[in-house]
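Geometric and topological summary
Single-letter residue listing:
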Amino acid sequence: MPICKLCQEREANKKNTHYLTDAIIRTCLNLGGANDREKGLYFALDNSNPFIDFNFQRLDELTLESTIGRKPTEDEIENAKSIPFSVDYVFCSQCEKLFTDVENPFINDILPHFRKNDLTGHDRLNEADIITIRNFFYIQIYRSAVCENILDFPEEFVEKLRTIILAQGGDSSIPLSIIALSYEDLSELNDMKQHADKIIQGIKKLEENDANRAIWELFQNAIDLSENSEITIALTEDHLVFRHNGEPFTPMTLDCLFKQVSSKTLEERKITFEDNEPVGQYGTGFITSHTFGKQIEINGALIKDEGYVALNNFFIDRDTDNWKELGQRIRLLKKEVARLLKDENTVLPPYPDTEFSFKTVTKNNKDCAIKAVNSLQTILPYVITLNPRLKKVTVKDLSGSTTVYQRKDSFSVDKLHSTSILINQDCVDVFYLKSEDNKITVILPFSSSLVANDLSNELPKLFLFYPLVGTQDFGINYILHSRHFLPNEPRNGLYLKSNNEDNQNEEEANRNLIDTASQLIFEYVGSNAKAISNPIKLARINFKTESEKPLLNEYFRTLKASWIEHFKSFPLVETKTGNIVVSKSVFIDTTLLRDSDVFDAIFTLVDFFWDNTPLKHLTKEWSAIIDEWNLNEIKYVGYRDLALKIKEVGNLANIPHIKELKTLYQHLIKEGHGDLFNSFELLPNIKGEFRLLSGLNNNISLPQELIEIADIIMPDIPKRHINSDFKFDLDLNPYTRKNYTTDINVAIGEKIKDKTLAAEIVSDFLEALISYSKISPSIESNSVPTRLIKLICDYYSFDSSTIEIPAVKDDELDNRVAQRRLIRLFLNDLSKANSEWVGENLQFLEDVLEIGPSYYDYEEMFSTLAVFPNQLNELTSQNFLKVDDNIPESIKDIYDQIVKPNFPIRANLIHKEFTKYLKIQDKKTVRNLTEKIETVFFETSQFTSIENHPLKEYIIDIIQKFKIEAEYEKYFPVVFSKRSSILVELADGDDSNLTFFKFS
């Protein structure tokens, strides 16, 4: 606990110590002299300043207003809630008793001499008890000095007071003068203090937005003072100068400026106004100009009688936080005005311009001034349009560049009005609508007649002749103006919807005005939408509905719904087929527009699939607008919608925007929407057909030749190969040459069986099979399969050139199975060839058999298939053929005629030129044939006589050849051995044949 301030020994344990004697305050300052605790009026006295600090407690507003002549301020009301002139734990209980011992004699013995006594005619009272009086006032001063920082006494003086009080000797070394102040004096001093406090607090509360408002407060005051207002603004390194040609100051308006109170004569809060009523004059709004500087130099005139006195370098300095100092400055300004009116000679009109020069001392002052001047370029044309009395504004910026704004002519065509503003040499037209009662003006966002554009984001959307700074985000691309708007303070918006009962009338009036403005806009846009260029600029509707004020949110939700309900039926959306209404348009979901790098691609695809989407340069803006509208009925194109359209197209060839499609797919993967590839057939295979990701693979090292072959032999397989341009980083199963080999072998095996003929398959399949079989790692290959395939190509009349596909390590293409299938097919076909063809193509057959049969992979086929020519030029299996061991043709003929007339021996004999190709060289000799011939000759029991033998002629012919061909004896040994008996028998009979036989 702290130590007592008086004794500086004991703990300060006393609470609720009144540092001004409570009994004196409540009986001296309470209304009617009542002795009620904490109820009444009181003033804080300061011996270094002529002003007092006023306060009150527990008094009703009517009593206060009748007593002090005005309503209390909010600060005064707040202060009244605290216990006055009271502190805790500053003094100890014993020192508190000392204070009481000093106070009681004064209250009991001294105070009755002048309280409630008739002191008329007395200006002085004489009291003998000087010690009591001095001690009493010493404790008042000491306790106040200790407890109130506002009393800035020297430490030596305070310490002297402390020792005097403790001594209680009534030390007279301190001069003490007690003056009784009249109520009028107290009221005047109190009033000055209130103005100073208000100014200081007002300046302290200034924020960044107040700098934006400040310049317009100056405009407002100037235009109120002239029917043909001309204003000049100049910005230098250390000053912002504002000059106007309006009426000069009157003593009252100058006094209002000193005190910072409005000179408007409006007596109550009004709902409607006349056009000639001033908008404002040096009230709370003017204090915002202190963002430019707290030191203001005024030049101009002060009206006096029928003329004026000059105001030259009239200096207002508010650069202080000390209300006493500022109050004194106000007091001196008032005195200076009184002196001017008294001493200066009157000058007859015309009046000089009024000039305010703000000294931009701080960086913030300079920044605010620069920002204010820069804002004029955006806002000033509209201020001139809405203020017919404002004719000309000249602006000189920090660089020395001068811009002159002049109001020119106004025109009306039907319901569309326009005012021309000349900015230097350039003419700018401002277009607007007006209600029939002229209470509402709506400035349209037109850069020229029926050409809409964006209003600046820095431009407030609500005006009361001047911008209500802070309404830049009102939610529409229009400016609404009304003289009848009732703005809040600090004029950054309107009263619209709250539970404040005191503002209900203002809120309803403002809502009605906005409804009127809305109807003006609905009617005009609805009638002219198709004629307006760039109509999208009319469609922004984004009232804020998520503030911390529920009732205001409710109002804006209702207003927004009304606007959207109207605007969705207006033909505002420009498409490639013309303007259509919003409700029938298709918009790209904003999630598709976040990445500007893919916007071109996405738009191109959307535009390809839909005719009712906004033009490209409007797409992003429309999507943003519709997103703000938040309508369920609006059709948005999202990723899934695009995916569905692509799927429906079916083939890449049907989309002329391949590059854009690839960009979209890469974007889908990047944004985490890769699941769409397994939900929709989006990815093209090598044929361009769109397939699911799960149904595609990544072909590895498969050249085009293999793809073309697969297209015919196994057409479903290539359809699983993803288009190489669309692989991206997708999770695809690899499809290798080994996979290809396996699949094509299966496909060929299903088509070509062991006995299949070429006639049983389509020619394309055969050609593809041959092409596949022609593949070799080297074009120089001379392998058995290569040579044999070349012959097969010749047979089927196909190009026999080898197809070279270089080998890939660990992924070899193995076409040997397919080659075997082809060779078997070829051999099957070959085996069906007729003798005529064989006779004509013996060399071809020899070439085939020269290569094939000895190759281990083909040995079985050549051993079983009928591809070897016999001596009848018939093709048969080599297992059925024998080697002709030089059998005479005549013997073959006899054999054919008498042994097996239905199966010629030549059919069983390999063609002599092909003997070497038989795997088994099993020979057929002459004796093999003649033995069977003789068997037929002599084992026929039914023939016992040569004369009647049916083969007599053959036997006789053979016997005759014994003489001519000696080898015949070996060929037919049995006939040779029986030749004599046969001849005898023949001689005994008819000897007609004997002439043929002459034996030696």
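Residues numbered from 1 in each chain as written. Predicted model: local features only at pLDDT ≥ 70, side-chain atom pairs only at ≥ 80, totals over all residues. Heavy atoms only, no water.

Let us now look at the overall build of the chain. Scanning the chain from N- to C-terminus turns up 32 helices and 33 strands. For the chain, contacts bridging at least 24 residues in sequence account for 66% of all contacts bridging at least 6. Element-wise, carbon and sulfur atoms account for 47% of the exposed surface of the chain, whose accessible area totals about 49500 Å². (Helix = DSSP H or I, 4+ residues; strand = E, 2+ residues; numbered from the N terminus. Contact = heavy atoms within 4.5 Å. Areas by Shrake-Rupley, 256 points an atom, 1.4 Å probe, with all protein chains shown as cover.)

We now examine the pairing of strand S8 (residues 307-317). Of the pairings in the sheet, the one linking strand S7 (residues 295-304) to S8 comprises nine bridges and is antiparallel in character. Paired with Glu297 across the bridge in S8 is Phe315. (Pairing = 2+ DSSP bridges.)

Running from N to C, helix H16 (residues 639-649) and helix H17 (residues 658-670) point in directions that differ by 135°, and their axes come no closer than 12 Å. In terms of orientation, H16 lies oblique with respect to H17. The two elements H16 and H17 cross, and the hand of that crossing is left-handed. On H17, the residues touching Tyr639, Leu642 and Ile646 of H16 are Leu661, Leu664, Tyr665, His667 and Leu668. By residue class, the composition of the contact of H16 with H17 is seven nonpolar, one polar and no charged. (Axes fitted to C-alpha atoms, helices over the stretch in contact; angles between N-to-C directions. Parallel < 35°, antiparallel > 145°, perpendicular 65-115°, else oblique. Left-handed = near helix turned anticlockwise from the far one by under 90°. Nonpolar A, V, L, I, M, F, W, Y, C, P; charged D, E, K, R; others polar.)

The next point concerns the nonpolar core. Ranked by internal contacts, the top residues of the largest apolar core, which has 121 residues, are Phe219, Tyr478, Phe567 and Trp622. The contact partners of Phe567, leaving out residues within four places of it in the chain, are Tyr478, Ile521, Phe522, Val525, Leu538, Ala539, Ile541, Leu572, Val582 and Trp629. One finds Ile761, Phe765, Ile775 and Leu827 within the second-largest nonpolar core, a separate group that totals 61 residues. (Core = buried A, V, L, I, M, F, W, Y, C linked by side-chain atoms within 4.5 Å. Buried < 20%, exposed > 50% of the residue type's maximum accessible area, 1.4 Å probe, protein only.)

This part takes up the environment of Arg329. Along the chain, Arg329 turns up in helix H10 (residues 323-343). With 13 residues separating them along the chain, Arg329 and Ile316 place their C-alpha atoms 8.1 Å apart. Every residue in contact with Arg329, bar those within four places of it in the chain, is listed here: Asp317, Arg318, Asp319 and Thr320.

Our next topic: the packing of aromatic side chains. Inspection of the entire model under this criterion finds 48 aromatic pairs. The interplanar angle of 55° and the centroid separation of 6.5 Å between the aromatic rings of Phe465 and Tyr466 together place this pair among those described as tilted. Given a relative accessible area of 13%, Phe465 falls into the buried group. Taking the relative accessible area as the measure of exposure, Tyr466 reaches 2% and is therefore buried. (Phe/Tyr/Trp six-rings, centres within 6.5 Å; stacked < 30°, edge-to-face > 60°.)

Throughout the structure, instances matching the rule amount to 47 salt bridges. Glu934 is paired through a salt bridge with Arg927; the nearest N and O atoms lie 2.9 Å apart. Its relative accessible area of 29% is what places Arg927 among the partly exposed residues. A single salt-bridge network, built from bridges that share partners, covers Asp884, Glu889, Lys892, Asp893, Asp896, Arg906 and Lys912. (Salt bridge = Lys/Arg side-chain N within 4 Å of Asp/Glu carboxyl O.)

This paragraph deals with the side chain of Gln878. Mapping Gln878 onto the fold places it in the loop between strand S31 (875-877) and strand S32 (883-884). On the accessibility criterion, Gln878 (7% relative accessible area) is buried. Reaching out from Gln878, the side chain makes a polar contact with the backbone oxygen of Phe862 at a distance of 3.2 Å. Ignoring anything within four residues of it in the chain, the contact list for Gln878 reads Phe862, Ser863, Leu865, Phe868, Tyr917, Leu918 and Lys919. (Polar contact = N/O pair within 3.5 Å; in protein donor to acceptor, adjacent residues only side chain to side chain.)

Taken as a whole and judged by the stated rule, the model has zero disulfides. Not engaged in a disulfide, the cysteine Cys4 finds its nearest cysteine sulfur in Cys95; these two sulfurs lie 3.6 Å apart. (Disulfide = S-S within 2.5 Å.)

So, about the packing of helix H12 (residues 504-528) against helix H13 (residues 550-567). Two elements in contact, H12 and H13, have axes separated by 10 Å at closest approach and are oriented at 15°. When the axes of H12 and H13 are compared, the pair comes out roughly parallel. Our pair here, H12 against H13, has a crossing hand that is right-handed. Here Arg511, Ile514, Asp515, Ser518, Ile521, Phe522 and Val525 of H12 come into contact with H13, specifically with Tyr555, Leu559, Ser562, Trp563, His566 and Phe567.

A few words now on unusual backbone geometry. That bond from Pro349 to Pro350 is cis: its omega, 15°, falls within 30 degrees of zero. Inspection of the secondary structure puts Pro350 in the loop between H10 and strand S9 (354-359). Positive phi, close to 60°, is recorded for Gln8, a residue that is not glycine. Mapped onto the secondary structure, Gln8 falls in the segment before strand S1 (17-18).

Segments scoring low in pLDDT should not have their predicted coordinates read at a detailed level. The predicted model of the chain has a mean per-residue pLDDT of 87, with 87% of residues at 70 or higher. This model gives residues 265-269 a pLDDT under 50, and the stretch forms six contacts once residues within four places in sequence are excluded. Overall, residues 991-1000 carries pLDDT values under 50, and its contacts beyond four positions in sequence, including any with other chains, amount to 13 contacts. (pLDDT = per-residue confidence, 0-100.)

In this structure, Asn299 sits in strand S7. A polar contact of 2.7 Å, which involves the side chain of Asn299, links it to the backbone nitrogen of Asn313. Every residue in contact with Asn299, bar those within four places of it in the chain, is listed here: Leu311, Asn312, Asn313, Asp353, Thr354 and Glu355.

In this section: the environment of Pro888. Assignment of secondary structure puts Pro888 in the loop between S32 and helix H27 (889-898). Here Pro888 falls in the partly exposed class, since its relative accessible area comes to 22%. A sequence separation of 37 residues divides Pro888 from Thr925, and the C-alpha atoms of the two residues are 9.7 Å apart. Setting aside chain neighbours within four positions, we find Pro888 in contact with Val926 and Tyr971.

Along helix H8 (residues 208-223), the sharpest kink reaches roughly 30°, centred on Ala214. Counting buried residues in H8 gives 14 out of 16 residues, a clear majority hidden from the surface. (Bend = angle between axes of the 7 residues up to and from the residue.)

Further remarks concern the pairing of strand S11 (residues 402-413). Pairing between strand S10 (residues 390-396) and S11: five bridges, direction antiparallel. By the bridge assignment, Val395 is partnered in S11 with Thr403. Between the end of S10 and the start of S11, which pair antiparallel, lie five residues, with Gly400 showing a positive phi angle near 95°. Relative to strand S12 (residues 416-423), S11 runs antiparallel, the two being bridged by seven bridges. From the neighbouring strand, Ser410 faces S12, where its bridge partner is Thr419. Hairpin connection, S11 to S12: the antiparallel pair is bridged by two residues, and Asp414 has positive phi, about 55°.

With respect to the element layout, Val598 can be found in the loop between strand S22 (586-588) and helix H14 (599-609). The exposure class of Val598 is buried, given its relative accessible area of 7%. Linking Val598 and Leu664, residues 66 residues apart in sequence, is a C-alpha distance of 6.9 Å. Among all residues touching Val598, those that are not within four sequence positions of it are Thr663 and His667.

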